[in-house]
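Below, each chain spelled out in residue letters.
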Amino acid sequence: MQQNQIPTHIAIIMDGNGRWAKSRHLPRLAGHREGAKAVERTLKGAQKMGIKFITLYAFSTENWSRPKEEIDGLMTLLSHVLDNYSQQAIQQNMRLWVSGSREGLPPSILEKIDRTVKATAGNTGLTVNLALNYGARQEITHAVNLLLAEGKTNISSQDISAHLYQPELPDPELIIRTSGEERLSNFLLWQSAYSEFYFTPVLWPDFDETELQKAVTEYCQRTRRFGGV
Ligand code: FPP
């Protein structure tokens with residue numbers, strides 16, 4: 001039986017920060033802070049394994065419905081994460097890409113993103129694609145509207161792929177969701193047509209290199225048929 005190669009692109013739904021905090025009688029934000037540490041560990045693991053692209057679902061378009069205090073806390077945390085990441089990315093040949101809408105994001109965050117994306121554009125190591133203010137239905141609708149604005153009348157699936165937020169990003173071979181939830185939650189609906197899914201009960205703040213390795217090992221043992229036999 002042919003085994004899969006290591007995935008080129010892994011996408012992760014980082015879930016369970018709130019429950020991690022709750023079980024320790026801590027505020028939800030403490031869970032997000034630990035979640036940021038798990039991001040660092042995971043990126044290190046992905047780099048070691050030679051993964052080329054990793055997409056992290058950091059903030060969904062639906063997350064705006066959370067209490068203002070939590071949103072503000074997440075944005076502050078994101079700002080720190082971006083500061084740290086931009087230094088590491090420059091030193092470690094990583095590249096930053098972002099998928100999502102700019103609408104509603106604080107200008108200071110947009111500025112940091114733009115600066116880091118530009119500074120790391122020529123890097124050739126791991127590409128970290130941050131799904132930020134991201135919704136897959138919005139992404140597909142946005143692509144269709146771009147095509148209409150270009151005057152297209154007969155839209156192909158290749159046209160849609162070419163008008164997604166990151167047209168150069170290959171489809172993820174593997175999508176991981178932590179915390180025991182087993183759904184996509186408006187994440188990469190178009191790109192996940194042939195993805196393998198890996199669900200783990202591990203809460204995101206407990207995720208690390210070993211957990212990533214487990215997911216990749218399981219992926220490598222699966223057979224992908226793409227609709228064939
Ligand atoms: C899901 O946990 C996590 C989020 C909504 C935010 C993701 C943010 C991080 C991992 C930390 C910061 C990292 C970056 C890159 C900004 P949840 O709050 O939905 O958990 P719950 O389902 O247990 O309540």
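The structure we're discussing is the one just above.
Calculation rules
Residues numbered from 1 in each chain as written. Predicted model: local features only at pLDDT ≥ 70, side-chain atom pairs only at ≥ 80, totals over all residues. Heavy atoms only, no water. Near = heavy atom within 4 Å. Polar contact = N/O pair within 3.5 Å; in protein donor to acceptor, adjacent residues only side chain to side chain. Areas by Shrake-Rupley, 256 points an atom, 1.4 Å probe, with all protein chains shown as cover. Nonpolar A, V, L, I, M, F, W, Y, C, P; charged D, E, K, R; others polar. Axes fitted to C-alpha atoms, helices over the stretch in contact; angles between N-to-C directions. Helix = DSSP H or I, 4+ residues; strand = E, 2+ residues; numbered from the N terminus. Parallel < 35°, antiparallel > 145°, perpendicular 65-115°, else oblique. Left-handed = near helix turned anticlockwise from the far one by under 90°. Contact = heavy atoms within 4.5 Å. Pairing = 2+ DSSP bridges.

Describing the site of the ligand
- Near the ligand lie 16 residues; those nearest to it are D15, G18, R19, R28 and R66.
- The separation between an oxygen atom of the ligand and a polar side-chain atom of R66 is 2.8 Å.
- Surface burial for the ligand is 91%, taken as the share of its 620 Å² of free accessible area covered by protein chains.
- Taken together, the residues of the shell around the ligand sort by class into seven nonpolar, five polar and four charged.

What about the packing of helix α2 (residues 28-49) against helix α3 (residues 68-91)?
- Running from amino to carboxyl end, α2 crosses α3 at an angle of 25°, the nearest separation of the two axes being 10 Å. In this view, α2 runs roughly parallel relative to α3, as classed from their interaxial angle. Where α2 crosses over α3, the handedness of that crossing is right-handed. Contacts between α2 and α3 involve R28, L29, H32, R33, A36, E40 and L43 from the former and E70, G73, L74, L77, V81, N84, Y85 and Q88 from the latter.
- For the contact of α2 with α3, the residue count by class is seven nonpolar, four polar and four charged.

Description of the sheet that holds strand β5 (residues 174-177)
- With parallel pairing, six strands are arranged side by side in an open sheet as β3-β4-β2-β1-β5-β6. Either end of the sheet is taken by a strand with one partner, and the two such strands are β3 (95-99) and β6 (196-199). Within this sheet the neighbouring strands show an average axis-to-axis angle of 20°, counted without direction.
- With five bridges joining them, β3 and strand β4 (residues 127-134) adopt parallel strand pairing. Its bridge partner lying in β4, L96 is registered against V128.
- Of the strands in this sheet, β3 and β4 touch helix α4 (residues 107-120), which is tilted by about 135° from β3.
- Across the sheet, helix α7 (residues 209-221) touches β1 (9-13), β5 and β6, and the angle it forms with β5 is around 135°.

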